[in-house]
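Chains, contacts and geometry: an overview
Residues per chain are reported as follows:
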Amino acid sequence: MELIFNKSVSGRRCTQFPANDVPVLKEIPKKYLRKSPCNLPEVSEMDVVRHFTNLSKLNFSVDSNFYPLGSCTMKYNPKFTEDVARLEGFTKLHPLLPQLRLGGILAQGALEVLYEMDRILSEITGMDAFTLQPAAGAHGELAGVMLIAAYHRSLNQKRKYILVPDSAHGTNPASAAIVGYEIINIASNKNGTMDIEALKAHLNQDVAAIMMTCPNTLGLFESDIDTIAKLAHAQGALMYYDGANLNAILGKCRPGDLGFDVIHLNLHKTFATPHGGGGPGSGPVGVKKELIEFLPISRIEKRDDGTLYLDYKKPQSIGYISSFYGNFLVILKAYAYILLLGKEGLIRTSEHAVLNANYVLAKLKDIYEPAVEKTCMHECVFSASRQILKNVHALDIAKYLIDCGIHPPTIYFPLIVKEALMIEPTETESKETLDHFIHCMREANRLTQENPEVLKKAPQTMPISRLDETKAARDMNCASL
Amino acid sequence: MNIPNNLCFTKEHEWIKIEGDTGTMGITDYAQHALGDVTFVEIPKKDCEVKQFNIIATIESVKAASDIYSPLSGTITLNNSELENNPALINQSCYDQGWIAKIKIKDIAEKKNLMDSTSYQKFVEGLAH
């Protein structure tokens, strides 16, 4: 497809503004003006509409294709939540209103959504309070680790380390490092869960927290979680829960009950708000009562008469983590989703997500090596270790799936699995869709044995075939305008 | 799999060539192969002190970002700045032009924690299963 810059014709415009016929009171100071034109494409409105409509048709999205991207829970976003988020009472509300004198009373509905969401998420996860401000999962992690630091500081403790399993998402060590902690990697055992002996070797009173994902990125429930939490608490360390995989345990168990003290959720993963470019995201952080005083400002509180207001008088708070109240309309969509499904619906969501992943695992494990020989939770991980003997890599299989109309699964993650293929079907996919996927994966293996060139050349059905990912990463300045 | 016999190796697939009190280190052929095309190397700073098996560098490839650990304790005397412009050297020549850092060795006794080429060969074969 042609770039919009190539469609540019000098002087062409979407809108022809009339000449200015009112006096200019103040010119923009020269120093702020650019010295040369900014080289925007000069196109008509029709050009813009056709260009971006055609571009959008090239999208590979969960609305158009099966999207089994493990570890990132690309679930379908039910459209009724868009209707709810489009209600004028919400979209036309000014975010400053609750802070204005007498304005709060006009924003009670929006404040109630946030207040209720705090209560609902606390109930689902077994925590005591939530902040809804973080704008994405990693932002939530950063806020969560800052809360951990504030907690230890309040006890006059200087703790240096945060322990992270080797199967963790890369954002965990990154968030902890940004807050100033040193990271210690804890090895997994042969069952794919945290190695208790390796943990004990590094756990002492210099450890601020252990960050864990449960089920972990191998799709396995950390069966020693109770022991791990007790060992951590005995040393005064806190337990941090990465909510990336909460979709597997909704209504079945609660991180708060498992011993976690701080948790972040990804509303765009678990509660079906748009994800990955379609966002924005939302990463609420929940805490146990010992950490409530450190939560970011503002907090939504209830007066005796039942009305809600924003409270900024929190001297122990870590302060602002983002402007206003987070990505409000995203929180609203998740609120609508939770209310529609209710308790029974959320439990069935997890049950179906786990069932679907295990169906895929059972139907493929004879030809693809499972990372661990166990029943999985909401996602299953294979290694293309048998296929690599024919010089076919996980990447080739992923690219072939595109030709089958399927978005590639996550590959090369978790890092501890060689040639990893990580598949998360989610709860909304039918047996027919899963059977089609299984058929395509078996076909990929047949081609590996009989005609691997087809895989090496994939994708063939896309506007652009195999991308040179190495060049894209090494030579980042290749498109200069 | 190329495993030169004059080097020492770590379980994390780094190599070190010990000459007197200086060690030259990099990653092994097994490691560069597993990583795939290397796209970026964050090289260690000169004069920086490193401890054995602590992070000395970070390598990004098309597959992942990985920490690289120092085979011995010591002080960085030289880094391979060539890698900043040409990270592909790690893939093309991991034992020669793709070296990462030279270290002034602090305690040669730590060598006992490293493998020789024969043990490393066995270690790598064990991983293949």
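Figured I'd write up the structure that's included with this text. (Residues numbered from 1 in each chain as written. Chains lettered and ligands numbered in written order. Predicted model: local features only at pLDDT ≥ 70, side-chain atom pairs only at ≥ 80, totals over all residues.)

Let's shift gears to the packing of helix α5 (residues 137-154) of chain A against helix α6 (residues 171-179) of chain A. Residues and elements named next belong to chain A. Here α5 crosses α6 at 45°, and the two axes come no closer than 9 Å. Here α5 lies oblique to α6, going by the angle between them. Considering the relative orientation of α5 and α6, their crossing is right-handed. Contact with α5, carried on its side by Gly 137, Ala 138, Glu 141, Leu 142, Val 145, Met 146 and Ala 149, involves Thr 171, Asn 172, Ser 175, Ala 176, Ile 178 and Val 179 of α6 and no other residues of that element. The residue inventory of the contact of α5 with α6, partitioned by class, reads eight nonpolar, four polar and one charged. (Axes fitted to C-alpha atoms, helices over the stretch in contact; angles between N-to-C directions. Helix = DSSP H or I, 4+ residues; strand = E, 2+ residues; numbered from the N terminus. Parallel < 35°, antiparallel > 145°, perpendicular 65-115°, else oblique. Left-handed = near helix turned anticlockwise from the far one by under 90°. Contact = placed C-beta atoms within 7 Å. Nonpolar A, V, L, I, M, F, W, Y, C, P; charged D, E, K, R; others polar.)

Moving on to helix α8 (residues 225-234) of chain A. Residues and elements named next belong to chain A. All buried positions along α8 are accounted for by Ile 225, Ile 228, Ala 229 and Ala 232. One side of α8 carries all its buried residues, which in axial view fall inside an arc of 95°. Turned more than 90 degrees from where α8 packs its buried face, Asp 226, Lys 230 and Ala 234 sit exposed. Where α8 is buried, its residues meet α7 (196-202), β4 (207-213), β5 (238-242) and α9 (255-258). (Buried ≥ 20, exposed ≤ 12 C-beta atoms within 10 Å, placed from the backbone. Arc of directions from axis to C-beta.)

With that settled, the discussion passes to the nonpolar core. All names here are of chain A. Residues Leu 147 and Tyr 240 are the most contacted members of the largest nonpolar core, which totals 121 residues. In terms of residue count, helix α11 (residues 328-364) provides more of this core than any other element does, 15 residues in total. When residues of this core are assigned to domains, at least three fall in each of domain 2 (80-339) and domain 3 (348-467). (Core = buried A, V, L, I, M, F, W, Y, C linked by C-beta atoms within 7 Å. Domains from an automatic or database assignment.)

Moving on, we come to the interface of chain A and chain B. Residue-level contacts link seven residues of chain A with seven residues of chain B. Of the residues that constitute the side of chain A that touches chain B, the class distribution is three nonpolar, two polar and two charged.

Right, let's get into the pairing of β5(A). Residue and element names in this part refer to chain A. Counted residue by residue, β5 has five buried out of five residues, so it is predominantly covered. Burial along β5 is two-sided: Leu 238, Tyr 240 and Asp 242 and Met 239 and Tyr 241, pointing in opposite directions, are all buried. Across five bridges, β4 lies against β5 in parallel orientation. Looking across to β5, one finds that Ile 210 is bridged to Met 239. As for the winding sense of the linkage, the β-α-β connection from β4 through α8 to β5 is right-handed. With three bridges connecting them, β5 and strand β6 (residues 262-264) associate as parallel partners. (Pairing = 2+ DSSP bridges. Right-handed = clockwise from strand over helix to strand, strands pointing away.)

Residues and elements named next belong to chain A. Judged from the four bridges that link them, strand β8 (residues 299-302) and strand β9 (residues 308-311) form a sheet pairing that is antiparallel. Bridging across to β9, Glu 301 finds its partner in Tyr 309. The loop that links β8 with its antiparallel partner β9 comprises five residues; one of these, Gly 306, has a positive phi angle of about 95°.

Once that is clear, we can look at the packing of helix α4 (residues 108-125) of chain A against α11(A). All names here are of chain A. One can describe the packing of α4 onto α11 by two numbers: an axis separation of 10 Å at closest approach and a directional angle of 60°. Overall, the two elements α4 and α11 adopt an arrangement that is oblique. Classified by chirality, the crossing of α11 by α4 is left-handed. On α11, the residues touching Ala 110, Val 113, Leu 114, Glu 116, Met 117 and Ile 120 of α4 are Phe 328, Ile 331, Leu 332, Tyr 335 and Ile 338. Looking at the contact of α4 with α11 residue by residue, the classes come out as ten nonpolar, no polar and one charged.

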